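The lines below spell out each chain.
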Amino acid sequence: MTMQELKIAIIGAGFMAKAHSMAYATMPMFFWPAPAQPVRELLIDVNEESAADAAARYGWNRSGTDWRAAIEDPSIDVIDIATPNHLHAEIAIAALQAGKHVISEKPLARGAEEAKAVYEAAQASDRTTMVAFNYRRTPAITYAKKLIDEGRIGKILNFRGTYLQDWSASPDSPLSWRFRKDIAGSGALGDIGTHVVDIARYLVGEISAVSAQARTWIPERPVPSGTVDKLGAGGDANAPKETVDVDDEVMTMLRFDNEAIGSIEATRNGWGRNNFLTFEIHGTEGSITFDYEKRDQLQVIFASDDPAERGLRTIYTGPAHPNGEALWPIPALGIGYGETKIIEAHDLFHAIVNGTPASPDFADGYQIEKVADAILESSDSGQWVTVEGLQ
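Remember, it's a predicted structure, so these values are computed and weren't measured experimentally.

A.B. asks: Help me out: how do you make sense of the packing of aromatic side chains in this one?
C.D. replies: In total, this model carries twelve aromatic pairs according to the counting rule given. Measuring from centroid to centroid gives 5.8 Å for Y135 and Y163, while their planes differ by 75°, and the two rings are edge-to-face. Remark: Y163 occurs in strand β7 (residues 156–164) and Y135 occurs in the loop between β6 (129–131) and α6 (139–149); sequence separation between them is 28 residues. Y135 sits in the buried class, given a relative accessible area of 6%. A residue is classified by how much of its surface remains accessible, and Y163, at 2% relative accessible area, is buried. Ring centres of Y135 and Y292 lie 4.9 Å apart, and the angle between their planes is 70°; this geometry places the pair in the edge-to-face category. Separated by 157 residues along the polypeptide, Y135 in the loop between β6 and α6 and Y292 in the loop between β14 (286–291) and β15 (297–302) bring together distant segments of the chain. On the accessibility criterion, Y292 (2% relative accessible area) is buried. An aromatic cluster is built from F15, Y135, Y163, Y292 and Y337, whose rings are joined through pairwise contacts. Sitting over the face of the ring of F302, R152 holds its NZ or CZ atom 4.3 Å from the ring centroid.

Below, the structure written as structure tokens:
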């Protein structure tokens, strides 16, 4: 069948380029007919060798080193930003002004001031924007949203979220760009904590105030020998060390606009925790819990359950759940990180083709940066900080 083609230029050739490339290649295999045929047209990276190697490996038609040329290329429909954080805002604004649709890896920017400029560029454009908070597209989380919207757990009272990893728990882990404020903006907060902020907003509502603590546990790290970000791998304890100027861990209490309360904890120093993204939500009529390391499962309890059988029970996601018809035919056959990116790609192209809003978009990305800035401000001041809504 004939399908509209949309040509993509991806900026960056690292881990996220691999994930996005796989999603573009396989999305029509899962969602058929697909809203559009993604064409992996142009891959941009910092030097010709790495760009050409990644383009060949990930199935892109062309490669280059100039992201501005990619934006100015009239054949390109979509710009995919998969760079370190310090380039997100500049590329996104230029792409929107050039009339391109834009998907950016999270966080949208290094802070709210920078994110505001991206948001304003999006508001002045009629192009589709999306921030790649892919975890919300895990079918169990999407189903949790459905249960909440249907009122199954009543009025939400509490949200408790965590994102715990251990890849930087060793002081010998190299000084990735993720430990440099000028590039990353913040540490565990921006890298993984914002995923939990996105889920909290998606499931519960807007966050109105925070009271937080942020800590840097390892003040300096070995300088890496290469340019490739390998997260915690490849460190040399004898290499020269430089200062870490971002947070290793953050904990914050939350107030929501709807009077719910909550908390978020994020760390990359939690030995034994690989990708421990969790939430627990209590409502007046029930509770929902989720653990990404068991991502095919959602645990629920409803106040209407038979008292003799009351207790959290496990729902295994499959064909009966959101996007289940596009994934695998047996509940709990298993999905992974890649499937969340496939769903994300589908939702992006559906929004582009149909002219409907994508979610989360750059307005969401800006609001999440306002929450993140408030968390750091609260940690510095020791006070509750109000989170202003979009003006």
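Additional details are given in the paragraphs that follow.
A.B. asks: Mind showing me how you'd approach helix α2 (residues 48–58) here?
C.D. replies: In an α-helix, one full turn covers 3.6 residues, which means residues spaced three or four apart are oriented alike. A51, A54, A55 and Y58 are the residues of α2 that are buried. In an axial view of α2, the angular spread of the buried residues amounts to 100°, which keeps them on one side of the axis. In α2, the exposed residues that point more than 90 degrees away from the buried face are E48, E49, D53, A56 and R57. Looking at the buried residues of α2, the elements they touch are α1 (15–30), β2 (37–44) and β3 (62–64). In this structure N47 caps α2, since a side-chain oxygen of it lies 3.2 Å from the backbone nitrogen of E49. Just downstream of α2, G59 is the residue with a positive phi angle, here 80°.

A.B. asks: Please clarify how the sheet that holds strand β12 (residues 261–267) should be interpreted in this entry.
C.D. replies: Paired through backbone hydrogen bonds, the strands of a sheet run either parallel or antiparallel to each other. With mixed pairing, the nine strands of this open sheet are ordered in space as β16-β15-β14-β13-β7-β12-β11-β8-β17. Strands with a single pairing partner mark the edges of an open sheet, and in this sheet they are β16 (313–316) and β17 (385–386). Bridging between strand β11 (residues 249–256) and β12 involves seven bridges; their strand directions are antiparallel. Counterpart to M251 in the pairing with β12 is E265. Sitting on the sheet, helix α10 (residues 362–381) touches β8 (207–215), β11 and β17, and the angle it makes with β8 is about 55°.

A.B. asks: Sorry, what's going on with the pairing of strand β13 (residues 276–283) here?
C.D. replies: Working note: regular strand, side chains alternate between the two faces of the sheet. For β13, the buried fraction is high: six of the eight residues fall into the buried class. Here eight bridges tie β7 to β13, and the two strands are oriented antiparallel to one another. Note on β13: the bridge partner recorded for F159 is I281. Linking β13 to β14, which pair antiparallel, is a turn of two residues.

A.B. asks: Please clarify how unusual backbone geometry should be interpreted in this entry.
C.D. replies: The bulk of non-glycine residues show a negative phi, and the bulk of peptide bonds are trans. Of note, the bond from W32 into P33 is cis; its omega dihedral lies within 30 degrees of zero at 0°. With respect to the secondary-structure elements, P33 resides in the loop between α1 and β2. Here the residue pair S359 and P360 is connected by a cis peptide bond, since its omega of -5° sits within 30 degrees of zero. Turning to its location among the elements, P360 is positioned in the loop between α9 (337–354) and α10. We note that E259 has phi near 80°; this positive angle belongs to a residue other than glycine. With respect to the helices and strands, E259 occurs in the loop between β11 and β12. Although it is not a glycine, N323 adopts a positive phi angle of roughly 65°. Mapping N323 onto the fold places it in the loop between β16 and α9. Given a relative accessible area of 18%, N323 falls into the buried group.

A.B. asks: Explain the pattern of salt bridges here, please?
C.D. replies: When charged atoms on two side chains of opposite charge get close, those side chains can pair. Counting across every chain of the model gives 19 salt bridges. Linking E150 and K146 is a salt bridge whose minimum nitrogen-to-oxygen distance equals 2.6 Å. The exposure class assigned to E150 is partly exposed, which follows from its relative accessible area of 44%. Accessibility expressed as a relative area gives 39% for K146, which makes it partly exposed. The partner of D191 in a salt bridge is R268, with the nearest N and O atoms 2.9 Å apart. On the criterion of sequence distance, the pair formed by D191 in helix α8 (residues 188–203) and R268 in the loop between β12 and β13 is long-range, its members being 77 residues apart. Taken individually, D191 and R268 each receive the classification buried, so the pair is uniform in this respect. The network of salt bridges with common partners includes K106, R178, D191 and R268.

A.B. asks: Teacher, can you tell me more about the packing of α6 against α8 here?
C.D. replies: Each packed pair of helices is defined by two parameters, the angle between the axes and the distance between the axes. At a closest axis distance of 10 Å, the pairing of α6 and α8 adopts a crossing angle of 30°. Here α6 lies roughly parallel to α8, going by the angle between them. Touching I141, T142, A144, K145 and I148 of α6 are I199, Y202 and L203, all from α8. Here the residues of the contact of α6 with α8 are counted per class, giving six nonpolar, one polar and one charged.

Conventions and cut-offs
- Residues numbered from 1 in each chain as written.
- Predicted model: local features only at pLDDT ≥ 70, side-chain atom pairs only at ≥ 80, totals over all residues.
- Heavy atoms only, no water.
- Phe/Tyr/Trp six-rings, centres within 6.5 Å; stacked < 30°, edge-to-face > 60°.
- Helix = DSSP H or I, 4+ residues; strand = E, 2+ residues; numbered from the N terminus.
- Buried < 20%, exposed > 50% of the residue type's maximum accessible area, 1.4 Å probe, protein only.
- Lys NZ or Arg CZ within 6 Å of the ring centre and 35° of its normal.
- Arc of directions from axis to C-beta.
- Contact = heavy atoms within 4.5 Å.
- Polar contact = N/O pair within 3.5 Å; in protein donor to acceptor, adjacent residues only side chain to side chain.
- Pairing = 2+ DSSP bridges.
- Axes fitted to C-alpha atoms, helices over the stretch in contact; angles between N-to-C directions.
- Salt bridge = Lys/Arg side-chain N within 4 Å of Asp/Glu carboxyl O.
- Parallel < 35°, antiparallel > 145°, perpendicular 65-115°, else oblique.
- Nonpolar A, V, L, I, M, F, W, Y, C, P; charged D, E, K, R; others polar.

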